[in-house]
Amino acid sequence: QRKEWAKLKNEKTVTMDSHQVELGGNIGTPQDVKGVLENGGEAVGLYRTEFLYMGRSQLPTEEEQFQAYKTVLESMEGKPVVVRTLDIGGDKELPYLDLPKEMNPFLGFRAIRLCLSMQDMFRTQLRALLRASTYGNLKIMFPMIATIDEYHQAKSILFEEKKQLQETGIQVSNNIEIGIMVEIPSTAVMADVFAKEVDFFSIGTNDLIQYTLAADRMNERVSYLYQPYNPAILRLIKNVIDAAHTHGKWVGMCGEMAGDEVAIPILLGLGLDEFSMSATSILKARSQISMLSRSDMKTIAEKVLTMQSSEEVQAFIKSTVLNR
Ligand code: PEP
Ligand code: MG
């Protein structure tokens, strides 16, 4: 099978009825780009920049970050690279920030909340990204956006830094797309409002599932409630995709669900434009998609949206699409 998949390395990702989607890889470090390219990735759909900040004793400098972002952009040779700004907090701690312990870290001071409050740190990262933007096809994405106001704030800080850099004679690309992670239910529900203002969405199902079903993604005892195929999740995803398309924007997914063989047929049917997954899943997903029909998956997706439970959806996809 691996051998058959390898033939698809330099192919586009196209369904039987000629509908094209993009398959990207998720990375944590510049070294991970190699794996994405070797596995036929068409983009980096998520660069988790947290790893630049973790496992050390102080914040990375602007120069260090610039070098990392530049390396990733150059190695991707003009292919899209979605860089997510710092998403620390929750399960990812930075001891040197010396933040107080929280009762509910996943509901607490994390990601964009922390960045909008600790602005020096945020601005340093944004400057490094803006400076690197001329080396490839950069897209900047803000994590954990819960309200439109957070998006406005983050975007205006980004534009302030861009203006300042340009005033000092530093080149910045004028084609940087700016998007958000949709991983909080409020944002998925209000997707039509966000869609008017962002360039793209990327659905973060790892968090969206835990917040929608109120089931901690790290807690074994409630893992039975962590249900990617729950129609509640599928309906939220549909709402996000429809809102984006109404406003002419593209939608990706960078949570684990994007590389899942049960979810892929449904996501294809719902109209997802970009799937970003671990590099080792890309060729398998391309092979699966090449054997599906978009129009059949549309019918399948409509059907699962009316179902009652995750189990029902999973059994239906397994028997009708995966034939087992
Ligand atoms: C997600 O929440 O789906 C996501 C991709 O982000 P992370 O797993 O880094 O929280
Ligand atoms: Mg997340």
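Residues numbered from 1 in each chain as written. Chains lettered and ligands numbered in written order. Predicted model: local features only at pLDDT ≥ 70, side-chain atom pairs only at ≥ 80, totals over all residues.

**Q** How should I be thinking about the UniProt feature "binding site: phosphoenolpyruvate" (unreviewed entry) in the protein chain in this particular structure?
**A** The feature "binding site: phosphoenolpyruvate" (unreviewed entry), as annotated in UniProt, sits at R48, R84, N206, D207 and R217 in this numbering. Along the polypeptide, R84 turns up in strand β4 (residues 80-84). The exposure class of R84 is buried, given the 25 C-beta atoms found within 10 Å. In contact with R84, not counting residues within four places along its chain, are L46, Y47, R48, T49, M141, P143 and M181. Among the structural elements, D207 can be located in helix α10 (residues 205-212). Looking at D207, the number of C-beta atoms within 10 Å reads 22, which means it is buried. (UniProt positions renumbered as here; feature names shortened; annotations may be inferred. Helix = DSSP H or I, 4+ residues; strand = E, 2+ residues; numbered from the N terminus. Buried ≥ 20, exposed ≤ 12 C-beta atoms within 10 Å, placed from the backbone. Contact = placed C-beta atoms within 7 Å.)

**Q** Teacher, can you tell me more about the UniProt feature "binding site: Mg(2+)" (unreviewed entry) in the protein chain here?
**A** Here, the residues flagged by UniProt with the feature "binding site: Mg(2+)" (unreviewed entry) are E183 and D207. Sequence-wise these annotated residues cover 25 residues; spatially they are packed, their C-alpha atoms never more than 5.4 Å apart. Relative to the assigned elements, E183 resides in the loop between β6 (177-182) and α8 (185-189). Judged by the 26 C-beta atoms lying within 10 Å of it, E183 is buried. Ignoring anything within four residues of it in the chain, the contact list for E183 reads M144, G204, D207 and L208.

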